[in-house]
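Survey of secondary and tertiary structure
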Amino acid sequence: MDWAAAEISALPGPVLEFGLGNGRTYDHLRSCMPGREIFVFDCQIAAHPDCVPDRRHLLLGDVRKTLFGALSRIGAQAALAHYDIGTGDKSYTAEVAAAVGSALAPLLACGALVVSSQMLVIPGSLEVPLPKGVAPSRYYIYRMGSPLL
Ligand SMILES: C[S@@+](CC[C@H](N)C(=O)[O-])C[C@H]1O[C@@H](n2cnc3c(N)ncnc32)[C@H](O)[C@@H]1O
């Protein structure tokens, strides 16, 4: 995430966190990009209250529904998205990733990065080689190549 934060440092726009979980990545994102708004998608709150965003920055519900209409709520295309939605159920996790990947592009600025724990198919994006030291399949990184709306 530090590598991605540096890569998008000159690109304006908020950050999207898909999957709050216990808030570990959210906490890291807000500490390494203190000037960025961060909008969080999750279907439940399980994090410590210190790691839960305020209501304006929390899109609570099934991401396959909250994703639609999210751009007007967020107000600008994102410079960075971190995607880590899922459960121990591989087929469910893949199903959600397929739905989100196909609908994500309008929320992303041209040049935005998506760092994902799941393989995604995002129209208009290209997969980016992983930074040195990141194990293959640990993450997938995509960059938006064209503005899509
Ligand atoms: C692996 S955890 C995220 C971990 C998080 N990155 C962290 O640092 O703690 C996956 C999250 O996906 C959420 N989730 C699963 N299915 C979802 C869905 N359909 N819509 C929204 N959130 C979902 C779960 O509630 C869970 O918080």
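See the structure shown above.
These numbers come from a predicted model, not from an experiment.

Conventions used here
- Residues numbered from 1 in each chain as written.
- Predicted model: local features only at pLDDT ≥ 70, side-chain atom pairs only at ≥ 80, totals over all residues.
- Heavy atoms only, no water.
- Salt bridge = Lys/Arg side-chain N within 4 Å of Asp/Glu carboxyl O.
- Helix = DSSP H or I, 4+ residues; strand = E, 2+ residues; numbered from the N terminus.
- Disulfide = S-S within 2.5 Å.
- Near = heavy atom within 4 Å.
- Polar contact = N/O pair within 3.5 Å; in protein donor to acceptor, adjacent residues only side chain to side chain.
- Areas by Shrake-Rupley, 256 points an atom, 1.4 Å probe, with all protein chains shown as cover.
- Nonpolar A, V, L, I, M, F, W, Y, C, P; charged D, E, K, R; others polar.
- Core = buried A, V, L, I, M, F, W, Y, C linked by side-chain atoms within 4.5 Å.
- Buried < 20%, exposed > 50% of the residue type's maximum accessible area, 1.4 Å probe, protein only.
- Pairing = 2+ DSSP bridges.
- Axes fitted to C-alpha atoms, helices over the stretch in contact; angles between N-to-C directions.
- Right-handed = clockwise from strand over helix to strand, strands pointing away.
- Phe/Tyr/Trp six-rings, centres within 6.5 Å; stacked < 30°, edge-to-face > 60°.

**Focus on the pattern of salt bridges**
Within the structure shown, the criterion is met by 5 salt bridges. R30 is the salt-bridge partner of D27, the closest N and O atoms lying 3.0 Å from each other. Of this pair, D27 and R30 both sit in helix α2 (residues 24–32), 3 residues apart, which is roughly one turn of that helix. The residue R64 makes a salt bridge to E95 at a minimum N-O spacing of 3.3 Å.

**Overview of the state of the cysteines**
Within the structure shown, the criterion is met by 0 disulfides. Unpaired in this structure, C43 has its nearest cysteine sulfur neighbour in C51, at a distance of 18 Å.

**Describing the site of the ligand**
Within the structure, the ligand sits among 17 residues, and N22, T25, D42, V63 and Y92 are positioned closest to it. In the model, an oxygen atom of the ligand is placed 3.4 Å from a nitrogen or oxygen of the L20 main chain. One of the side-chain N or O atoms of D84 is found 2.9 Å from a nitrogen atom in the ligand. Contact with the protein chains removes 86% of the 600 Å² of surface that the ligand exposes when unbound. Split into classes, the residues belonging to the shell around the ligand amount to 5 nonpolar, 8 polar and 4 charged.

**Here we look at the nonpolar core**
Within the largest apolar cluster, 29 residues are counted, with the highest numbers of intra-cluster contacts made by L16, F18, F41, L108 and I122. The set of elements that each furnish at least two residues to this core consists of β1 (15–18), β2 (38–42), α4 (70–74), β4 (78–83), α5 (90–103), β5 (108–116) and β7 (140–144). V40, L58, A79 and I141 belong to the second-largest nonpolar core, a separate cluster that totals 19 residues.

**Thoughts on the sheet that holds β4**
Pairing is mixed in the open sheet, where 7 strands are placed in the order β3-β2-β1-β4-β5-β7-β6. Two strands in the sheet have a free side with no partner beyond their single neighbour: β3 (58–60) and β6 (125–128). Taken over all neighbouring pairs, the strand axes of this sheet differ in orientation by 20° on average, direction set aside. Sheet topology note: the β6/β7 ladder contains 4 bridges and is antiparallel. Residue pairing across strands places E127 opposite Y142, the latter belonging to β7.

**Details of the pairing of β4**
Counting buried residues in β4 gives 6 out of 6 residues, a clear majority hidden from the surface. With 4 bridges joining them, β1 and β4 adopt parallel strand pairing. Residue pairing in the sheet places F18 in a bridge with Y83 of β4. Taken together, the 5 bridges between β4 and β5 define a ladder with parallel strand orientation. Paired with Y83 across the strands is S116, a residue of β5. In this fold, β4 hands off to α5, which returns the chain to β5; that crossover is right-handed.

**Notes on the packing of aromatic side chains**
For any pair of aromatic rings, the description consists of the separation of the ring centres together with the inter-plane angle of the planes. Per the counting criterion, the structure on display carries 2 aromatic pairs. Relative to F41, the ring of F18 lies with its centre 4.4 Å away and its plane at 20°, an arrangement referred to as stacked. On the criterion of sequence distance, the pair formed by F18 in strand β1 and F41 in strand β2 is long-range, its members being 23 residues apart. With respect to burial, F18 and F41 carry one shared label: buried. Within the aromatic cluster, the residues linked to one another by ring pairs are F18, F41 and Y83.

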